[in-house]
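Descriptive analysis of the structure
What follows is each chain in one-letter form.
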Amino acid sequence: QVQLVESGGGLVQAGGSLRLSCAASGSIFSINDMGWYRQAPGAQRELVARITRSGSTNYADSVKGRFTISRDNAKNTVYLQMNSLKPGDTADYYCKAAVVTDPWRGLMDYWGKGTLVTVSS
C-alpha cells in the first residue's frame, strides 16, 4: 500500500557530505513523523533523526551539529543532509514514516529498504 524509497547513499571520504532522500508513495492520506535510522554491521538499528509534520526535529547526540533532517510535505519526502562524515557513520540508513492510509484506521509505521553509506578514513 505504501512504499518508501531511499536514495543518495554511497562512498565518501571522511569529512565529506552526502544527502539522503526518502520518497513515500502509495495510498497515503497523511504522514505524521518521518525519520532516519541506521544500522551498522553487528549493531542494533538506532535513531539518527526525526521530524514531525510541523517541522520539529530531534537528533541522536552522535550526529548533532553535523546532520540536518528536513521534509517536503507536498512531495511526501524526507531528507537527511550529512556533513563532516566520519568512518563511524558507516551503516545502512533506513527511512521510516508514520502514515495514515485511512482516517478510520489510524497510524501505521512503514520502512524503506535502506541505502548504504560508507565513509572511508
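Provided above is the structure to which this section pertains.
Our subject in this report is the structure included herewith. (Residues numbered from 1 in each chain as written. Predicted model: local features only at pLDDT ≥ 70, side-chain atom pairs only at ≥ 80, totals over all residues. Heavy atoms only, no water.)

Here we come to the overall build of the chain. Counting its secondary structure elements, the chain contains 0 helices and 11 strands. In the chain, the succession of helices and strands from N to C terminus is β-β-β-β-β-β-β-β-β-β-β. Seen through its principal axes, the chain has C-alpha atoms that stretch 50 × 25 × 25 Å. Out of the 121 residues in the chain, the part that is buried amounts to 40%. Long-range contacts, defined here as pairs at least 24 residues apart, represent 55% of the contacts in the chain between residues at least 6 apart. Of the side-chain charges in the chain, 13 are positive and 9 negative, and the distance between the mean point of each set is 2 Å. (Helix = DSSP H or I, 4+ residues; strand = E, 2+ residues; numbered from the N terminus. Buried < 20%, exposed > 50% of the residue type's maximum accessible area, 1.4 Å probe, protein only. Contact = heavy atoms within 4.5 Å. Lys, Arg positive; Asp, Glu negative; His and termini not counted. Charge placed at Lys NZ, Arg CZ, Asp CG, Glu CD.)

Our next topic: the nonpolar core. In this structure, Trp 36, Leu 80, Met 82 and Tyr 93 are the most contacted members of the largest nonpolar core, which totals 30 residues. Elements with a contribution of two residues or more to this core: β1 (2-7), β3 (18-26), β4 (30-39), β5 (46-51), β7 (67-72), β8 (77-82), β9 (91-100) and β11 (115-120). Apart from residues no more than four positions distant in its own chain, Leu 80 is found in contact with Leu 18, Arg 19, Leu 20, Trp 36, Val 48, Ala 49, Phe 67, Thr 68, Ile 69 and Tyr 93. (Core = buried A, V, L, I, M, F, W, Y, C linked by side-chain atoms within 4.5 Å.)

Let us look at the state of the cysteines. Within this structure, the stated rule accounts for 1 disulfide. Two residues, Cys 22 and Cys 95, share a disulfide whose sulfurs are 2.2 Å apart. Linking Cys 22 and Cys 95, the disulfide has an S-S dihedral of approximately -80° and is accordingly described as left-handed. Taken together, the positions of Cys 22 in strand β3 and Cys 95 in strand β9 put the pair 73 residues apart, joining distant regions of the chain. Residue classification places Cys 22 among the buried positions, given a relative accessible area of 0%. (Disulfide = S-S within 2.5 Å.)

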